[in-house]
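The primary structure of each chain is shown beneath.
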Amino acid sequence: MADALAPIAPYIVQEAVLAALREDGAGDDITTRAIVRPDQWGHGVFVAKELGVLAGLPVAAAAMTALDETVSFDTLVAEGERVAPGSELAEVEGPLAAILNAERVALNFLQRLSGIATLTREFVDAVAGTGARILDTRKTTPGLRQFERYAVRAGGGGNHRFNLSTAVLIKDNHIEAARQAGIGDVAAVVAAARAAAPHTTRIEVEVTDAEQLKEAIEARADVVLLDNMSPGQIRDCVQIAAGHVQIEASGGVSLENVRAIAEAGVDFISVGRLTHSAPALDISLEISGL
């Protein structure tokens, strides 16, 4: 289970769930209205169909209870827990029409977030014992960043900057733009960023080779991001940076090479595919009458 998993703010969950229910036409379910009696009561169990790490039960609960306050939702497994095929995750009970109306939205959130948590745990397990921390990126589904970042934490990973306003990350296009504007070298760019940012803000610089790394160190950057480097190149850069800056590796990271990258000595490894390419975990809702 993920330690100290900070929840998503309830108002954010509520807004997203209500938007998803509106999008799905949950208030005007033609099929359910034609078949299910208004007084018909039902019971359902969310069941994992494959091995994975669970995330998103609070969101599924919000979806299931949004349309009818008499619906109850009881969790059977903790967030961040590894589940086996056939594991019962939660029970829902109440007016059957309300349960069926919200079923797809609840499952969409639960499957998506559990898929992210599962993939994150695979990366975390792959670097266990190296000291490297697995982080996400801003490559998230528009409007769902809070949820997907939560799922990364549930899987044991950490979060990079939340958005453009929360940290300074000077990338290659920033350096090129600065040069075109006549600001100068990396040292001048870092100085300009430090002057503009709050004094508590760390400055991170993306580099593509050892020479740029040396420039970033001389500019007194706090963190250097090694972009699309091989494990051998990363190892050389780590030796150069030792005692000067923290090192993050990113670009082209996979389950096949993440261990080698971690063993090269980096502090952080940011992985875009945690949120942009994680497959949904197969979960179903099995309904029974009462």
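In case you missed it, the structure is sitting above this.
From a predicted model like this one, the values you see are computed outputs, not experimental measurements.

## Concerning the sheet that holds strand β6 (residues 133-135)
In a beta sheet, neighbouring strands pair by backbone hydrogen bonds and run either parallel or antiparallel.
In step 1: If you trace the six strands from one edge of the open sheet to the other, you get β6-β11-β10-β9-β8-β7, paired in parallel fashion. Since the sheet does not close on itself, it has two edges, and those belong to β6 and β7 (168-170), each with one partner. Between one strand and the next, the sheet's axes are offset by a mean angle of 25°, whatever the strand orientation.
In step 2: Of the pairings in the sheet, the one linking β6 to strand β11 (residues 268-270) comprises three bridges and is parallel in character. From the neighbouring strand, R133 faces β11, where its bridge partner is F268.
In step 3: Strand contacts of helix α7 (residues 186-196): β7 and β8 (203-207), with the helix running at about 150° to β8, the strand carrying the most contacts.

## Brief notes about the pattern of salt bridges
Close approach of charged atoms allows side chains of opposite charge to pair.
In step 1: Tallying each qualifying case throughout the model produces 10 salt bridges.
In step 2: In this structure, the salt-bridge partner of K214 is E211, at a minimum N-O distance of 3.4 Å. With a gap of three residues between them, K214 and E211 both fall in helix α8 (residues 210-218), about one helical turn apart.
In step 3: Under the relative-accessibility criterion, K214 is labelled partly exposed at 35%.
In step 4: One salt bridge in this structure joins E263 and R259, with 3.0 Å as the shortest N-O distance. Residue E263 and its partner R259 are located together in helix α10 (residues 258-263), separated by four residues, close to a single helical turn.
In step 5: R259 sits in the partly exposed class, given a relative accessible area of 33%.

## Points about unusual backbone geometry
In step 1: Unusually for a residue other than glycine, R220 sits at a positive phi of about 65°.
In step 2: Mapped onto the elements, R220 comes out in the loop between α8 and β9 (223-227).
In step 3: Positive phi, normally seen in glycine, also occurs at N228, with a value near 55°.
In step 4: The topology assignment puts N228 in the loop between β9 and α9 (231-241).

## Details of the nonpolar core
In step 1: Membership of the largest hydrophobic core comes to 88 residues, with the highest contact counts inside it found for F46, V205 and I269.
In step 2: Looking at which element gives the most residues to this core, the answer is helix α4 (residues 96-126), with 13 residues.
In step 3: Excluding anything up to four places from it in sequence, F46 contacts M64, F73, S87, E88, L89, A90, V92, A106, L107, L110, S284 and L285.

## Here we look at the pairing of β9
In step 1: Counting buried positions along β9 yields five of five residues, so the element is predominantly enclosed.
In step 2: Every second residue of β9 is oriented toward a common face, with V223, L225 and D227 on one face and V224 and L226 on the other, all of them buried.
In step 3: Pairing of β8 with β9 involves four bridges; the strand directions are parallel. Note that in β9 the partner of E204 across the bridge is V223.
In step 4: Bridging between β9 and strand β10 (residues 246-250) involves five bridges; their strand directions are parallel. Bridge pairing links D227 to S250 in β10.
In step 5: Crossover handedness for the path β9 to α9 to β10: right-handed.

## A closer look at α7
In step 1: Those residues of α7 lying buried are V186, V189, V190 and A193. Seen along its axis, α7 keeps its buried residues to an arc of 95°; they face one direction.
In step 2: In this structure, the buried residues of α7 make contact with β7, α6 (172-180), β8 and α8.

Conventions adopted
- Residues numbered from 1 in each chain as written.
- Predicted model: local features only at pLDDT ≥ 70, side-chain atom pairs only at ≥ 80, totals over all residues.
- Heavy atoms only, no water.
- Pairing = 2+ DSSP bridges.
- Helix = DSSP H or I, 4+ residues; strand = E, 2+ residues; numbered from the N terminus.
- Axes fitted to C-alpha atoms, helices over the stretch in contact; angles between N-to-C directions.
- Contact = heavy atoms within 4.5 Å.
- Salt bridge = Lys/Arg side-chain N within 4 Å of Asp/Glu carboxyl O.
- Buried < 20%, exposed > 50% of the residue type's maximum accessible area, 1.4 Å probe, protein only.
- Core = buried A, V, L, I, M, F, W, Y, C linked by side-chain atoms within 4.5 Å.
- Right-handed = clockwise from strand over helix to strand, strands pointing away.
- Arc of directions from axis to C-beta.

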